[in-house]
Amino acid sequence: MHREQDLERMSEYNITTSLFINHVYYWGDPHRDIFLGPESAKNLNPLASVINHDILFTLHSDCPITPISPFFSIWTAVNRITKDEEILGEEQRISVEEALKSMTIYGAQLNSTEDFNGSIEENKIADFIIVDKNPWKAQPVDIKDIKIIKTIIGGEIVYDRNN
């Protein structure tokens with residue numbers, strides 16, 4: 001839970017954050033209904049507010065607390081759908097592009113490794129995946145179902161769904 005004054009200070013002091021976005025899906029309903037109330041629960045992992053304050057952030061799953069699935073975390077950030085299929089904090093949803101950046105470029109920046117990973121560019125480590133659907137063109141509610149076809153690390157195929 002980041003309050004407005006927290007975000008202002010984080011921005012002022014250039015503090016980064018990693019948000020446990022899967023929390024919205026797995027525990028958003030009890031936070032809304034029992035622990036925080038509807039108004040406070042809307043700001044659980046306030047991604048849009050973090051972006052509006054120009055705060056560098058990543059998303060995480062807190063594995064093994066929730067399964068590690070980057071596309072599920074991206075889906076949660078974009079849709080903010082809870083287990084009860086309610087939208088929690090519609091105004092805190094972010095774009096597919098911002099969510100993808102949080103898993104790639106922003107993660108590299110947060111770790112100070114952006115000079116050699118986080119994006120596909122000349123002279124950077126060739127780590128990337130090939131997927132069965134374009135996340136930018138997929139319906140937002142379908143993002144969690146995107147399948148990885150191949151994983152390439154250091155220029156070598158380390159996973160091939162067809163083998």
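Conventions we followed
- Residues numbered from 1 in each chain as written.
- Predicted model: local features only at pLDDT ≥ 70, side-chain atom pairs only at ≥ 80, totals over all residues.
- Heavy atoms only, no water.
- Helix = DSSP H or I, 4+ residues; strand = E, 2+ residues; numbered from the N terminus.
- Buried < 20%, exposed > 50% of the residue type's maximum accessible area, 1.4 Å probe, protein only.
- Contact = heavy atoms within 4.5 Å.
- Lys, Arg positive; Asp, Glu negative; His and termini not counted.
- Charge placed at Lys NZ, Arg CZ, Asp CG, Glu CD.
- Salt bridge = Lys/Arg side-chain N within 4 Å of Asp/Glu carboxyl O.
- Pairing = 2+ DSSP bridges.
- Axes fitted to C-alpha atoms, helices over the stretch in contact; angles between N-to-C directions.

Novice: Quick question: what am I supposed to make of the overall build of the protein here?
Specialist: From N to C terminus, the protein includes seven helices and five strands. Along the first, second and third principal axes, the C-alpha atoms of the protein reach 50 × 35 × 30 Å. Counting across all 163 residues of the protein, residues that qualify as buried make up 40%. Intrachain contacts of the protein at a sequence separation of at least 6 include 62% that bridge at least 24 residues. Here the protein contributes 15 positively and 26 negatively charged side chains, and the mean placements of these two sets differ by 5 Å.

Novice: Would you mind showing me how to read the pattern of salt bridges here?
Specialist: Think of it this way: side chains of opposite charge can pair up when their charged atoms draw near. All told, the structure shown has ten salt bridges when counted by the stated rule. Across the salt bridge formed by Glu97 and Lys101, the nearest N and O atoms sit 3.5 Å from each other. Of this pair, Glu97 and Lys101 are both found in helix H6 (residues 96–103), four residues apart, which corresponds to roughly one turn of the helix. Of the charged contacts in the structure, one is a salt bridge between Lys133 and Asp132, with a shortest N-O distance of 3.8 Å. A cluster of three or more residues bridged by salt bridges with shared partners is formed by Asp29, Arg32 and Asp33.

Novice: Explain the sheet that holds strand S4 (residues 148–153) to me, please; I cannot follow it from the model alone.
Specialist: What links the strands of a sheet is backbone hydrogen bonding, and the strands pair in either a parallel or an antiparallel sense. Taken in spatial order, the three strands of this open sheet run S3-S4-S5, and their pairing is antiparallel. The open sheet terminates on both sides in strands that have one partner only, identified here as strand S3 (128–131) and strand S5 (156–160). Across this sheet, the average inter-strand angle for adjacent strands is 20 degrees, counted without regard to direction. As judged from the four bridges shared by S3 and S4, these two strands associate in the antiparallel manner. The partner of Ile129 across the bridge, within S4, is Thr151.

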